[in-house]
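# Understanding the architecture of this molecule
Given next are the chains, with one letter for each unit.
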Amino acid sequence: MTTTIEPPELIEPEQPGGPAGHGPDSHGHESEHAEHGPSGLLKWLTSTDHKVIGKSYMITSLVTFFISGAMALVIRAQLSNPTSSLVNFQTYNELFTMHGSLMLYLFAGPFAFGGLANYIVPLQVGAPDMAYPRLNALSYWLYLGGTSMMTLGFVVAGGAASFGWVAYAPLSNSINSPGAGTDMWLMSLGLTGFSAIFTGVNLVATIFYLRAPGMTMFRVPIFSWNMLVTGLLILIAFPVLFGAVVMLFCDRHFGTHIYSVQGGGVPVLWQHLFWFFGHPEVYILALPYFGIVTDIIPVFSRKPLFGYRGMVFATLSIAALSTGVWAHHMFTTGVVLLPFFSLLSYLIAVPTGIKFFNWIGTMWGGQLSFQTPMLFSIGFLFAFLMGGVTGVLLASPPVDFMTHDTYFVVAHFHQVLIGTTVFAGFAGFYFWYPKMFGRMLSERLGKIHFWLLFIGFWVTFLPQYVVGLKGMPRRVADYLTSNGWTGLNQLSTVGAMIIGFSFLFFLVNLVTSWRKPVPAGDNPWDGGALEWFTSSPPPHHNFTHLPPIRSERPVWDYNHPEHRKDEGHGEKRHREHEEKVGANS
Amino acid sequence: MVTAVNAFTNPFPTSLPARAPSSTDSSGEQLAPTHRNQWKRLAAGLAIGAPLVLGGCNFYPTYGASRGATTQGQDTFKLYSGMMTTGIIIGGFVGLLILFTVVRYRRNSDAMPKQFHENIPMEIVYTGIPVLVVAFLFLFTVLTENNVDATVANNARISTTGTPVLQVKVTAFQWGWRFDYPNNNVSVSGEVTNGPGGLGPQMVLPVGETVQILLVSNDVIHGFYVRDFNFSRYALPGVENRFDLNIVNPGLYPGQCTQICGLYHSEMLFTVKGVTPSEFRTWTVGQIATGHILGRNPLPSTDVPPPYTHVTPSSALAVPSSKKGSL
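Residues numbered from 1 in each chain as written. Chains lettered and ligands numbered in written order. Predicted model: local features only at pLDDT ≥ 70, side-chain atom pairs only at ≥ 80, totals over all residues.

Attention shifts here to the domain arrangement of chain B. The domain architecture assigned to chain B consists of domain 1 (2-24 + 34-104 + 119-149) and domain 2 (166-300 + 310-326). Opposite the 14 residues of domain 1 of chain B that make contact, domain 2 of chain B presents 14 residues. (Domains from an automatic or database assignment. Contact = placed C-beta atoms within 7 Å.)

This is the structure:
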């Protein structure tokens, strides 16, 4: 029985450029590169470093998030009074359209796969950069252009797009939406769609080909696993959206009749194409955030992830099922095969349930500490649980008939999306901020942010379930006093204001960390994945040394060698096999 | 609720093709219990048992929803209520489990916890149980869905009166509704300012009879939604959607467009009024006398863009002048 094991020797990483010699800079050393490149703002603008691009992505997407959140507050203010005239009908329609579009297309996805994943995935797999750094830079600039174009729709004649973020034909045709804002909206989807595709390509290539020596697929941390699957889903879904958008553009300007009845087209075709993109998109938004939480919970429980392989297979089956459930958004069209789409939608509950039990199993028997990232992760568990249970209800066509396009659905998807993108997203932000900037965020302000957000979240969305069941449709600018929806709407508005208020503490926290920096050190949380092995922030090509990789948490193994004896069956088998192979060679 | 009690013996009202009023629904089913019926009873017992415990005297807690003013809506409501109960039990269990774990295992020492990675039998169990749960929910979903979606044949006759099933063609347009009664030569059309109480045009329907709605759209996609019917369906351009309603009790049921359809989406209200069959016949005669005749209500043209003006909610209630000719 060995009681202590000496820390294993460090291994030299491959030269920058990755194991296979592809890469940004395979002819030069990192130090040289850092010295000879441009400096200051020009360096930032011309950089192909995944860390710089990741930070640019995060800043842009957070600005988008705050703009879009401000729109949500105007929407809530309008609805606090049945006949409010805060904004007129046209502006109201533009506001909810842009709120949804900015949040879904331009915050939730890019923040995860352009921001956090761009920064963290190469670090987690031990790579010096993304596989295609210039493509990565192109992806960011397309994203910035697309985001600006969509937002600028507000200043053109006719205003921004005003048909909801789903742009159902024929409301989005040139007769019903003649303004230039609609075209800018479509162009923006084209640009940001390609941006997403490029990032998807990059993620898949990086995770498949640039893993450090010893990192088998079943030793890739779950966040990176989920980003791999997200990348594959992007490659499936976004080209379909692009095709649909191009056809809509042709309908609007070149006289085609793909979505118009008058010319023999089919309006519902748009819904099929859109949701064939749109439902995988939901998981493109959700899987990265599941990955974040799956990485955070073990660290703050001081335990390995429970059911690593189950988690991987659950992610893969969610991704597979997500391509076959699109028409559950179309149950009330009357033109889809209800039982098929209902059954597949129900089945998604199974892998999602596995994830829940694995998260609980990870915490079970652990030593849980509740720093801000863990608090946000637990907030995510509760928010996503509620959103998930109501989602199972909506998988049933009759229940969908009674709640479709009402605030019940609005409450459901906000609980899912805020649960993932905001609770889990900010969990990730608080978790990796010390790594990205080398300084800590204030725990006190972070906890105030969490609790206000958590309270505001429930106060906002629980009343929306009720008001939806009382018959309030979504996307209405006003309603009748006699409907009896006023009190619940006012409660919801108060909750939204609390959510808005909570983000002031987040901003103060950021400012404080810049004015009075608290150094973070390399590994402030005792994390286990490779990103915690390098310095904070990491050097230009990320690593000077790597620990031996024998599990999905090599840094933890390195720091706690006495506990490696408890490794799981799979890992043990792997290690024994490798030791045997090593001894023979 | 009478219908709720009946669910013990007849959990899946099988009122196809022509529905009788639900109060007489179950008597025929009770006569010859087969093996199939026993299984149905067992399933119904399971479905009802849980709400019984939670809801006390009530078999189906409403959880904020309407109990349904049509037989279809009542079926949907029972499914909703049962699923909510299941959801509360499962969601509550998982939520409490998370809460328990978080409280029980909060850090109390620097000791390193046991580093276990997996428990395969446990993982198989918590994969298998959700599969069974969703299979169970899917079964009830399909049975209810078949009921809600069932439509009688064209020109079918109501068994009690021998008259043809009433068909109403509902045409949604920006931003109002037209209700055509081809059997009665009546047509009612209007926007939000028309109809009693500023609630939009009114569709009058007889209670206790099967009414078949043929739903179409004149321009963009609209949503036909009546909260008390627990039902909505898109009005699609170029597609005729067909569904049946069996209103149970006389009353006024407000409805509204639920699918964003442009500027005045929130003003696209209508009401459904359930009246007795004799009142309905009187009403049709009155409508014809006042000129609400089939073919006299042209729909707005869709060739030109709808008027684009910035409006405030108060002025939105005024109908745009270009539309007045169509009313």
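In this structure, Val293 and Ala427 of chain A are the most contacted members of the largest nonpolar core, which totals 246 residues. The residue makeup of this core includes at least three contributed by each of domain 1 (2-24 + 34-104 + 119-149) and domain 2 (166-300 + 310-326) of chain B. (Core = buried A, V, L, I, M, F, W, Y, C linked by C-beta atoms within 7 Å. Buried ≥ 20, exposed ≤ 12 C-beta atoms within 10 Å, placed from the backbone.)

For the rest of this paragraph, the subject is the pairing of strand S5 (residues 210-217) of chain B. Residue and element names in this part refer to chain B. Note that strand S1 (residues 166-173) and S5 share seven bridges and pair parallel. What sits directly across from Val170, in S5, is Leu215. Direction of pairing for S5 relative to strand S8 (residues 241-246): antiparallel, over a ladder of six bridges. Along S8, the bridge assignment pairs Ile213 with Phe243. (Pairing = 2+ DSSP bridges. Helix = DSSP H or I, 4+ residues; strand = E, 2+ residues; numbered from the N terminus.)

All names here are of chain B. A sheet is described by the order of its strands in space; here five strands give the open sequence S3-S2-S1-S5-S8, paired in mixed fashion. Of all strands in the sheet, those with a lone pairing partner are strand S3 (186-191) and S8, marking the two edges. Averaged over all pairs of adjacent strands, the angle between their axes in this sheet comes to 20°, without regard to strand direction. Of the strand pairs in this sheet, strand S2 (residues 176-181) and S3 are connected by six bridges, and their pairing is antiparallel. Looking at the pairing, Tyr181 lines up with Val186 of S3. (Axes fitted to C-alpha atoms, helices over the stretch in contact; angles between N-to-C directions.)

Time to look at the interface of chain B and chain A. In many reports, interface size means the accessible area that the parts give up when they come together. On the side of chain A, 77 residues touch chain B, which itself brings 70 residues to the contact. Take the side of chain B that touches chain A: its biggest share by element is 14 residues, from helix H4 (residues 71-104) of chain B. Grouping the constituent residues of the side of chain B that touches chain A by class yields 37 nonpolar, 25 polar and eight charged. (Nonpolar A, V, L, I, M, F, W, Y, C, P; charged D, E, K, R; others polar.)

Residue and element names in this part refer to chain B. Taken in spatial order, the five strands make up an open sheet running S4-S10-S9-S6-S7, and their pairing is mixed. What marks the edges here is a single partner per strand, and that holds for strand S4 (202-206) and strand S7 (231-235). Each strand axis lies, on average, 25° off the axis of its neighbour in the sheet, ignoring direction. The pairing of strand S6 (residues 222-226) with S7 spans five bridges and is antiparallel. Opposite His222, over in S7, you have Ala235 as the bridge partner. Contacts from helix H6 (residues 277-289) reach S4 and strand S10 (269-275) within the one sheet, and its direction differs from that of S4 by about 135°.

Attention shifts here to helix H15 (residues 486-515) of chain A. Residue and element names in this part refer to chain A. Here H15 is 30 residues long and its end C-alpha atoms lie 44 Å apart, about the 44 Å a rise of 1.5 Å per residue gives. Every buried residue belonging to H15 is among Leu488, Asn489, Ser492, Thr493, Gly495, Ala496, Ile499, Ser502, Phe503, Phe505, Phe506 and Asn509, and all of these are buried. Buried positions along H15 lie against helix H3 (50-79) and helix H14 (443-469). (Expected span 1.5 Å × (residues − 1).)

The next subject is the environment of Ile354 of chain A. Here Ile354 of chain A lies in helix H10 (residues 338-363). C-alpha separation for the pair Ile354 of chain A and Ala314 of chain A, spaced 40 residues apart in sequence, amounts to 6.8 Å.

Residue and element names in this part refer to chain B. Counting all residues, the mean pLDDT for chain B is 78, and 71% of those residues have values of 70 or more. Per-residue pLDDT stays below 50 along residues 1-34; that stretch engages in 55 contacts with residues further than four places along the chain or on separate chains. Confidence drops under a pLDDT of 50 for residues 305-327, and excluding neighbours within four residues, the segment shows 38 contacts in the predicted structure. This complex was scored by the predictor with a pTM of 0.86 and an ipTM of 0.87. (pLDDT = per-residue confidence, 0-100.)

Another aspect to go through is the pairing of S3 of chain B. Residues and elements named next belong to chain B. Buried residues dominate S3, accounting for six of its six residues. Burial along S3 is two-sided: Val186, Val188 and Gly190 facing one way and Ser187, Ser189 and Glu191 facing the other are all buried. Counting the residues that bridge the hairpin from S2 to S3 gives four residues, and of these Asn185 lies at a positive phi of roughly 65°.

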